[in-house]
Amino acid sequence: QVQLVESGGGLVQAGGSLRLSCAASERTFSSYAMNWFRQAPGKEREFVAAITRTGVSTYYANSVKGRFTISRDNAKNTVYLQMNSLKPEDAAVYYCGARPYYRGISYESRDYDYWGQGTQVTVSS
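Below or above, wherever it landed, is the structure these notes cover. Please read all numbers here as calculations on a predicted model, not as lab measurements.

1. Some remarks on the side chain of Asn77
Here's step 1: Here Asn77 is to be found in the loop between strand 7 (68-73) and strand 8 (78-83).
Here's step 2: With near-sequence residues (within four places) excluded, Asn77 lies in contact with Cys22, Ala23, Ala24, Glu26, Arg27 and Phe29.

In C-alpha cells, the structure reads:
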C-alpha cells in the first residue's frame, strides 16, 4: 500500500509559479510510474502530467505543456510538479497518483491505484 502526501499548493497571481511535491511512503517508490491529476469544482479529474519510474520519459496534457514540469527524486521518494505561468483555469485540487511501472502510463484516473489527499491551487486573475 502506497501512501501519498501532496504539499505546496496555495494562492498565486496569474503568471506566477508554484511547486507541488508528493511524498510517498513506499520504499519501492522507483517501481511506480507517478502522475499528477487535477480536479476543479464541478469537473472530472483530468490528467496533467506523468513520469516513468526512472524519470526518463514524461508526458503532459496539452493545456500545460511548456508551462509545467514533472520530475522525481527516487532517493527522496518524491515527485514534483513545477508550475509556471499559471492561469486562472489552472485552479483546482491537484492529486498525485501511483501506478506500478509494468502497467504503463495511463491518462485515465481510474487506472491509478493510489492517490494522495490533494492540494489546493488557487490562481487569481
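Now, onward.
2. Considering the state of the cysteines
Here's step 1: Inspection of every chain in the model, using the stated rule, returns 1 disulfide.
Here's step 2: Paired through a disulfide, Cys22 and Cys96 show a sulfur-sulfur distance of 1.9 Å. Because the sign of the S-S torsion sets the handedness, a value of about 50° for the bond joining Cys22 and Cys96 places this disulfide among the right-handed ones. Highlighted residues: Cys22 in strand 3 (residues 18-24) and Cys96 in strand 9 (residues 92-100), separated in sequence by 74 residues.
Here's step 3: Judged by relative accessible area, Cys96 falls into the buried class, the value being 0%.

3. Side note on unusual backbone geometry
Here's step 1: A positive phi angle, close to 55°, is found at Asn77, a residue other than glycine.
Here's step 2: Residue class for Asn77 comes out buried when judged on its relative accessible area of 17%.
Here's step 3: Positive phi, normally seen in glycine, also occurs at Ser85, with a value near 50°.
Here's step 4: In this fold, Ser85 is placed in the loop between strand 8 and strand 9.
Here's step 5: Note on Ser85: relative accessible area 40%, which makes it partly exposed.

4. Section: the pattern of salt bridges
Here's step 1: This model, assessed by the stated rule, comprises 5 salt bridges.
Here's step 2: Across the pair Arg38 and Asp90 runs a salt bridge, and its minimum N-O distance is 2.9 Å. In this pair, Arg38 sits in strand 4 (residues 32-39) while Asp90 sits in the loop between strand 8 and strand 9, placing the two residues 52 residues apart along the sequence. Of the two residues examined, Arg38 and Asp90, each falls in the buried class.
Here's step 3: Each of Arg38, Glu46, Arg67 and Asp90 takes part in salt bridges that share partners, so that together they form one network.

5. Some details on the sheet that holds strand 8
Here's step 1: Across the sheet, which stays open at both edges, the 4 strands sit in the order 1-3-8-7 with antiparallel pairing between neighbours. At either end of the open sheet lies a strand with only one pairing partner, and these are strand 1 (4-7) and strand 7. Strand-to-strand twist in this sheet, taken as the mean axis angle between neighbours without regard to direction, amounts to 15°.
Here's step 2: Pairing of strand 1 with strand 3 involves 4 bridges; the strand directions are antiparallel. Counterpart to Val5 in the pairing with strand 3 is Ala23.

6. What to know about the nonpolar core
Here's step 1: Core analysis: the largest hydrophobic core is formed by 35 residues, its most contacted members being Leu4, Met34, Trp36, Leu81, Met83 and Tyr94.
Here's step 2: For this core, the leading source of residues is strand 5 (residues 46-51), giving 5 residues.
Here's step 3: With sequence-adjacent residues up to four places away left out, Met34 is seen in contact with Leu4, Cys22, Phe29, Ala49, Ala50, Ile51, Ile70, Arg72, Val79, Gly97 and Ala98.

Rules behind the numbers
- Residues numbered from 1 in each chain as written.
- Predicted model: local features only at pLDDT ≥ 70, side-chain atom pairs only at ≥ 80, totals over all residues.
- Heavy atoms only, no water.
- Helix = DSSP H or I, 4+ residues; strand = E, 2+ residues; numbered from the N terminus.
- Contact = heavy atoms within 4.5 Å.
- Disulfide = S-S within 2.5 Å.
- Buried < 20%, exposed > 50% of the residue type's maximum accessible area, 1.4 Å probe, protein only.
- Salt bridge = Lys/Arg side-chain N within 4 Å of Asp/Glu carboxyl O.
- Pairing = 2+ DSSP bridges.
- Axes fitted to C-alpha atoms, helices over the stretch in contact; angles between N-to-C directions.
- Core = buried A, V, L, I, M, F, W, Y, C linked by side-chain atoms within 4.5 Å.

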